[in-house]
Amino acid sequence: MKPSPKSEPTGAAVPRGSPLVVGAAALFASGVFSQFLGLLTLIVTARLLTPTDFGVIAYFVIAVALLEIAQRAISMTLIRQPEVTEAHLNTVFTMQLLLGTSAAGLIWISAPLMGFLGLPALTELIPALCLIAIVSSLKSTRFPLLERDLRFGFVAGEEAISRITYTLFAVCLAWFWRDFWAIVAANFLTQVARVIWSFSVAPMRPRLTLRCWHDCIDVSSWSLGAQITQFLTTNMPQIIIGATLGLADAGIFRIGFRLVSLFTSQVIGPLERVIYPGLASISRTQGNDREAFEQANAILLGIIIPVSVGMALVANHLIVVVAGYEWLAASQVIWVLAPLKAIETLQANVRSASYVQGDTKRLCLRNSILLVVTTILVLLGSNYGFVGAILGSGAASLFAIGLALVMAKDFGTGGLLTPILMAWRTFAAAIAMVTAVLIVSSAYGSGDAIGWAYDSAEDLPLLRIRFAVKVIVGVFTYIATHLLLWQLSGRPKGFESLTLELASKLRNRIVARVS
């Protein structure tokens, strides 16, 4: 059977700048909307559930996300295939189903392991995880072809639908149940919504076959290994803290790390779904993706650095306003990890470039090394309590940044520090922002030190005012400094020009519709 016309690559160098910019804008807007709902969910559930509940939730969410990543790794093979036939679609669907049922079986027989690890409370989650493992394997395999063709509106729709479903049910059920089962049920219903959406926008009649397994297995096996090891590396601190320090500390760490990831990795997630198909398209049609790779690095850092650094500057305020006084210890997680995780987002482009070049074996080995180093550092740090575990996680993040820069050197056109140097205006503007916010903080006097205004809930109005002032000063300083440095540099092509181009297109579209 011949491939669908939409799946066939053209030999001409089709300009992809506009679809990529529009796609990035759609998914970024969807990501911002999703993070807003995620923040809303966190605000409500943190006041309804206990740290121990959040410790249980941490392990459950890790297991669910691991299942999603495994399924995603299999379906990504369709994006890289030169030609996609119905046989490829059915083969990938069969592989998804086999993975889902196998995962459910492994989860079912893992019950004794929970007691061995000193986490018997997690045994209750096993039936729900088995059901979610099977449901998540039923997504339409025609859906990834929409990403392949750079039709990211449907992907943005999936992100929005799933987040709305999760927020609605998590908040409502947590309000009535007041325990971790609210999050379990919300996750299951979110998986059902994803399956329904995938078949509604990309309908197909799947058949069970492994006819094209050889085309998929070479890429998907190493890709799956790379995805799993990367995911385990990210979540290993949380796993170790729960096993060594207790579920309550794991819950506190989750609150802080959740806020960090809301503004770093989870913002990058939707953009990464643009980067990989975009680089793959450029590689197929033009054969030169190095410049696109370096521009993507600059864009990611330009978005993530100010948000994460600013979040660290107001961590105390953020935790109290968002979660409440009882979660104040989570601010330590933000101080240490937010700036590091921002720079660590360079790994997103490295992963995408590795997939495009088919170098997933090297990526898997790199992630495996990082997993071992992270485990050792966090275990050593946990011997010194909660703060030690956080510092161990920060040291592991520094190691990850070094590995990302080493691999980025192979995909770009410059040296080891090129991804950092290309974004020098971003880092300079971030330093200016930090300076301005610290000056504002010093104007408050010694009362702005750690622990101020935390004696009672009556101090919350003053806290909100100071929080708002710091945010406004930081945002204005960062944007003004960035634009000034760009102007003094002769307006080079980069993050600023792409942002202004996008703003101009949006303005023209709005004016055209109004007129």
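Residues numbered from 1 in each chain as written. Predicted model: local features only at pLDDT ≥ 70, side-chain atom pairs only at ≥ 80, totals over all residues. Heavy atoms only, no water.

*Asks:* Can you help me understand a nonpolar patch on the surface in this one?
*Replies:* Taken together, the side chains of V471, V475, I479, L483 and L500 define a hydrophobic patch exposed on the protein surface, amounting to about 390 Å² of accessible area. In terms of residues, the nonpolar patch owes the most to one element, helix α21 (residues 460–488), which gives four residues. Relative to the helices and strands, V471 resides in helix α21. Assessed through its relative accessible area of 35%, V471 is described here as partly exposed. (Patch = residues over 30% accessible without salt bridge, like charges linked within 9 Å, V, L, I, M, F, W, Y side chains within 5 Å. Areas by Shrake-Rupley, 256 points an atom, 1.4 Å probe, with all protein chains shown as cover. Salt bridge = Lys/Arg side-chain N within 4 Å of Asp/Glu carboxyl O. Helix = DSSP H or I, 4+ residues; strand = E, 2+ residues; numbered from the N terminus. Buried < 20%, exposed > 50% of the residue type's maximum accessible area, 1.4 Å probe, protein only.)

*Asks:* Explanation requested: the pattern of salt bridges in the structure shown.
*Replies:* Pairs can form between side chains of opposite charge once their charged atoms are near each other. Evaluation of the coordinates by the stated rule reveals four salt bridges. One salt bridge connects K139 with E158, and the closest N-O pair in it is separated by 2.6 Å. Placement of K139 in the loop between α6 (126–135) and α7 (144–148) and of E158 in helix α8 (residues 152–177) is noted, with a sequence separation of 19 residues between them. The salt bridge involving E158 is made with R194; its shortest N-O contact spans 3.3 Å. Of the two residues, E158 sits in helix α8 while R194 sits in helix α9 (residues 181–201), which places them 36 residues apart along the sequence.

*Asks:* Help me out: how do you make sense of the environment of V475 in this one?
*Replies:* You can see V475 is positioned in helix α21. Under the relative-accessibility criterion, V475 is labelled partly exposed at 46%. Taking the C-alpha atoms as reference points, V475 and G310, separated by 165 residues in sequence, lie 8.4 Å from one another.

*Asks:* What exactly am I supposed to notice about helix α11 (residues 247–262) here?
*Replies:* Since one α-helical turn is 3.6 residues long, residues separated by three or four positions face the same way. Taking 1.5 Å per residue as the helical rise, α11 with its 16 residues ought to reach 22 Å, and the 22 Å between its terminal C-alpha atoms agrees with that figure. Counted residue by residue, α11 has 14 buried out of 16 residues, so it is predominantly covered. (Expected span 1.5 Å × (residues − 1).)

*Asks:* Teacher, can you tell me more about unusual backbone geometry here?
*Replies:* Excluding glycine, most residues fall at negative phi; most peptide bonds, likewise, are trans. Although it is not a glycine, R178 adopts a positive phi angle of roughly 60°. Residue class for R178 comes out partly exposed when judged on its relative accessible area of 43%. Phi is positive for R491, which is not a glycine, with a value near 55°. R491 sits in the exposed class, given a relative accessible area of 52%.

*Asks:* Honestly, the nonpolar core in this entry has me stumped. Any pointers?
*Replies:* Across soluble globular proteins, nonpolar side chains have a tendency to be buried as a group. Counting residues in hydrophobic clusters, the biggest one holds 55 residues, and the most contacted among them are L125, F253, I255, L259, W327 and I334. The biggest single contributor to this core is α11, with nine residues. Dropping the residues within four chain positions of it, L125 is found in contact with V56, F60, F180, W181 and V184. Judged by nonpolar contacts, the second largest core, of 18 residues, contains L301, V309, I343 and A429. (Core = buried A, V, L, I, M, F, W, Y, C linked by side-chain atoms within 4.5 Å. Contact = heavy atoms within 4.5 Å.)

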